[in-house]
Amino acid sequence: MKKTLRLFFVAVLAMIGMNASAQEVTLDFSTNEGWGFPTTYDKTEKSYTNSNIGVTVTINAPGTGHKINTTDKYLIFGKNNSTLSLSAFSFDVEQIKVYGRSGASGKVTQNIFVGETAVSTETTGATGTNSYKIAEDYQAAGNIYVLKLTNDNNTQITKIEIYKKGSGAKEGAGLSWGTGSKTVTIGADDNVFPILTNPHNLAVTYSSSKEDVATISTEGAISLIAEGSTVISAEFAGDDTYEAAKVTYTLTVKPAPVMKEYKIASTVESGKNYLIVAIVGSDYKVAKRITGNYGFLSVSTATNNEGVISFDAENAFTFTSTADGWTIQQADGKYLYQSGTYDNFNVSATPAADAAKYFDIVADDDGFKVTNKQMNKYIQYVPGSSNFGCFADAQTDAILPLFYVEQTSTGINDVKVVPADQENAPVFNLAGQKVNANYKGVVIKGGKKMIVK
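Residues numbered from 1 in each chain as written. Predicted model: local features only at pLDDT ≥ 70, side-chain atom pairs only at ≥ 80, totals over all residues. Heavy atoms only, no water.

1. Brief notes about unusual backbone geometry
Short version of the rule: By definition, any uninterrupted DSSP run of H or I lasting at least four residues is a helix, any uninterrupted run of E lasting at least two residues is a strand, and each is numbered from the N terminus. Here the term buried applies to any residue with accessible area under 20% of the maximum for its type, exposed to any over 50%, and partly exposed to those in between, with areas from a 1.4 Å probe on protein chains only.
Put simply, Gly 78 and Lys 79 share a cis peptide bond, and its omega is 15°. Among the structural elements, Lys 79 can be located in the loop between β5 (74-78) and β6 (83-86). Backbone geometry places Asn 376, a non-glycine residue, at a positive phi of 55°. Looking at where Asn 376 falls in the secondary structure, it is placed in the loop between β33 (367-372) and β34 (377-382). A residue is classified by how much of its surface remains accessible, and Asn 376, at 54% relative accessible area, is exposed. Even without a glycine there, the phi angle at Asp 397 is positive, about 60°. Counting through the fold element by element, Asp 397 comes out in the loop between β35 (387-391) and β36 (402-406). We classify Asp 397 as exposed; its relative accessible area is 63%.

Now the structure itself:
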């Protein structure tokens, strides 16, 4: 009887040991304890041994480098072809799980390699848990497993778990939104929403954390409700083959744009709001404000309805005359200027006492010549690159901008003239198209209507 009991307890302990060893090793990066990772980016290849668990990791990330973030508690490294190599294990490895964090890249692609061979299925995004089931031919003890980034993004890791063979590991669901965040505008025609990557066609449940901001249907279609932010989720419950998974991204909803009407202006008045426009055939290309710290003025195509352009007021520019020249101010309050040898623009919160912030504006036969005073470069629309830049020389097929002034009342605005020969001011028809001296009918010249017979 005693022998029977003893054998029973041995069997129970063996089962407990088997379950406990399914997850054989955990590498915890939520703290720097035992690792000694740098807290500022290091671009050199380095190895770190954690004596508490007997594992060495070697990181080679010459792109952005690697470091431990001690505030939000994760290891970060990148970019393309950056690697984290694990020291060899004394047991056969069936699965490796890499835990990311909310706010990490939703676009980074990564996989597990042995040498130059990918031994699992590539994943997209580092915002959740990525499971890598190791190909059977590469599960043997002694292999060196390498987590490699396969595109030009960073990864962020809170921990890595190593599962031994026989643990009954399931395949990762492979769900991904491809991004951690998205901003859209109510009523905009160009809204593009993230599309869920679901390589195994698993049954997922969609949800929105704030349905008063946006809702998502059972098929994954988004409906915008109001301004704000919400977390969009896709969740799989798990089955006998695939692990449970939940992937999210933050959707920021901006209010519908404020639309204003604008008409062609042949002169400029200080303090008024204008669209910067290039006419290419029948298309009206309107400059849009710079949303970052610098860039070219990209364009959007607008419709001209009998001489009137309706356009989002956030893309209007205010021209203000000063003793130093004209300033060009975006609707967000920032000023355009130029720097160094670049042909694009920088933006600044203040115009400052700097010649790079000021422009000369002079009416020209083909529109307006807007010249940066310090760089001696003038604004041109470049059709091939779909934007306005500021160049020292005439660009191929470049077009000088026209100005469309915001309408605060009906009729043509009584505008003041910049220093220029009024007789040489350009002439436009009522559709806002520039015409030559042979044109007959109602035209606009110097901000006034007249009839040419």
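2. Things to note about the layout of surface pockets
Using the following cut-off: Residues are said to line a cavity or pocket when one of their atoms sits within 4 Å of a point; the points come from a 1 Å grid over protein atoms alone, cavities being sets where a 1.4 Å probe fits but cannot get out and pockets being open sets with protein on both sides within 12 Å along at least five of seven lines. Grid points are joined across faces, edges and corners, and a volume is the space filled by probe spheres set on the points. Here the term charged refers only to Asp, Glu, Lys and Arg, the term nonpolar to Ala, Val, Leu, Ile, Met, Phe, Trp, Tyr, Cys and Pro, and the term polar to all other amino acids, Gly among them.
If you add up the space inside the largest pocket, you get close to 910 Å³. Residue lining of the largest pocket: 29 residues in total, with Asp 190, Lys 288, Asp 312, Glu 314 and Asn 315 positioned closest to the centre. Residue classes in the lining of the largest pocket are distributed as ten nonpolar, eleven polar and eight charged. Roughly 550 Å³ of internal volume is contained in the second largest pocket. Lining the second largest pocket are 34 residues, with Thr 123, Asn 130, Gly 172, Ala 173 and Gly 174 positioned closest to its centre.

3. Some points on the packing of aromatic side chains
For clarity, the threshold we go by: Centres within 6.5 Å make a pair out of two Phe, Tyr or Trp rings, where for Trp the six-membered ring is used; the pair is then stacked when the planes are under 30 degrees apart, edge-to-face when over 60, and tilted otherwise. Only lysine NZ and arginine CZ atoms are considered, and such an atom sits over a ring when it is within 6 Å of the ring centre and within 35 degrees of the ring normal.
In this structure the tally under the stated criterion is 13 aromatic pairs. When the ring of Trp 35 is compared with that of Phe 37, the centres are 5.4 Å apart and the planes differ by 15°; the resulting orientation is stacked. Phe 37 gets classed as buried once you look at its relative accessible area, which sits at 3%. The structure contains a cluster of three or more aromatic residues connected by ring pairs, namely Phe 29, Trp 35, Phe 37 and Tyr 48. Above the face of the Tyr 337 ring, Lys 357 is positioned so that its terminal group lies 4.5 Å from the ring centre.

4. Structural notes on the side chain of Asn 130
Put simply, the rule is: Side-chain atoms alone can form a polar contact between residues adjacent in sequence; in general such a contact is a pair of N or O atoms within 3.5 Å, and within protein one must be able to donate a hydrogen while the other accepts it. What makes two residues a contact is simply this: any of their non-hydrogen atoms within 4.5 Å.
Tracing the chain through its elements places Asn 130 in strand β11 (residues 129-133). Here the side chain of Asn 130 touches Gly 125 through a polar contact of 2.9 Å, landing on its backbone oxygen. Aside from chain neighbours lying at most four places away, what touches Asn 130 is Ile 96, Lys 97, Val 98, Gln 110, Thr 123 and Gly 125.

5. Quick notes on the pattern of salt bridges
Note the cut-off: The term salt bridge refers to a side-chain nitrogen of Lys or Arg lying within 4 Å of a carboxyl oxygen of Asp or Glu.
Using the criterion set out here, one finds nine salt bridges in the structure. Put simply, Asp 42 and Lys 46 hold a salt bridge, and the shortest N to O gap is 2.8 Å. A salt bridge links Lys 97 to Glu 243, with the nearest nitrogen and oxygen atoms 2.8 Å apart. Residue Lys 97 is located in strand β7 (residues 93-99), and its partner Glu 243 is located in the loop between β19 (228-236) and β20 (245-254); the two are separated by 146 residues in the primary sequence. For the pair formed by Lys 97 and Glu 243, the shared burial category is buried. What emerges from the salt-bridge pattern is a single network uniting Arg 289, Glu 314 and Asp 332.

6. Observations concerning the sheet that holds β5
Quick reminder of the rule: Only strands joined by at least two bridges in the DSSP assignment are considered to pair. Angles shown run from 0 to 180 degrees and are taken between the N-to-C directions of axes, each axis being a line fitted to C-alpha atoms and, for helices, limited to the stretch in contact.
Reading across the sheet, the three strands line up as β4-β5-β13 and stay open at both edges, with antiparallel pairing between neighbours. With one partner strand each, in any of the chains shown, β4 (65-69) and β13 (154-157) form the two edges of the open sheet. Pairwise comparison of adjacent strand axes, ignoring direction, gives a mean angle of 15° for this sheet. The pairing of β5 with β13 spans four bridges and is antiparallel.

7. A few points about the pairing of strand β29 (residues 325-330)
Within β29, six of the six residues are buried, which leaves the element mostly enclosed by the surrounding structure. In terms of strand pairing, strand β28 (residues 317-322) meets β29 through six bridges, oriented antiparallel. Bridge pairing links Thr 318 to Gln 329 in β29. Once β28 ends, the chain turns through two residues before running back antiparallel as β29.

8. With respect to the sheet that holds β19
Across the sheet, four strands lie side by side as β15-β20-β19-β16; this open sheet has mixed pairing. Here the strands that pair on one side only, and so sit at the sheet edges, are β15 (181-185) and β16 (205-208). Geometrically, the sheet is characterised by an average inter-axis angle of 25° between neighbouring strands, direction not taken into account. Bridge count for β15 against β20 is five bridges, and the pairing is parallel. From the neighbouring strand, Thr 185 faces β20, where its bridge partner is Lys 254.

9. A closer look at the side chain of Asn 143
By the secondary structure assignment, Asn 143 is in the loop between β11 and β12 (146-149). A polar contact is formed between the side chain of Asn 143 and the backbone oxygen of Tyr 138, at a distance of 2.9 Å. A polar contact is formed between the side chain of Asn 143 and the backbone oxygen of Ala 140, at a distance of 3.2 Å. Not counting the four nearest positions on each side in its chain, Asn 143 is found in contact with Ala 88, Phe 89, Val 114 and Tyr 138.

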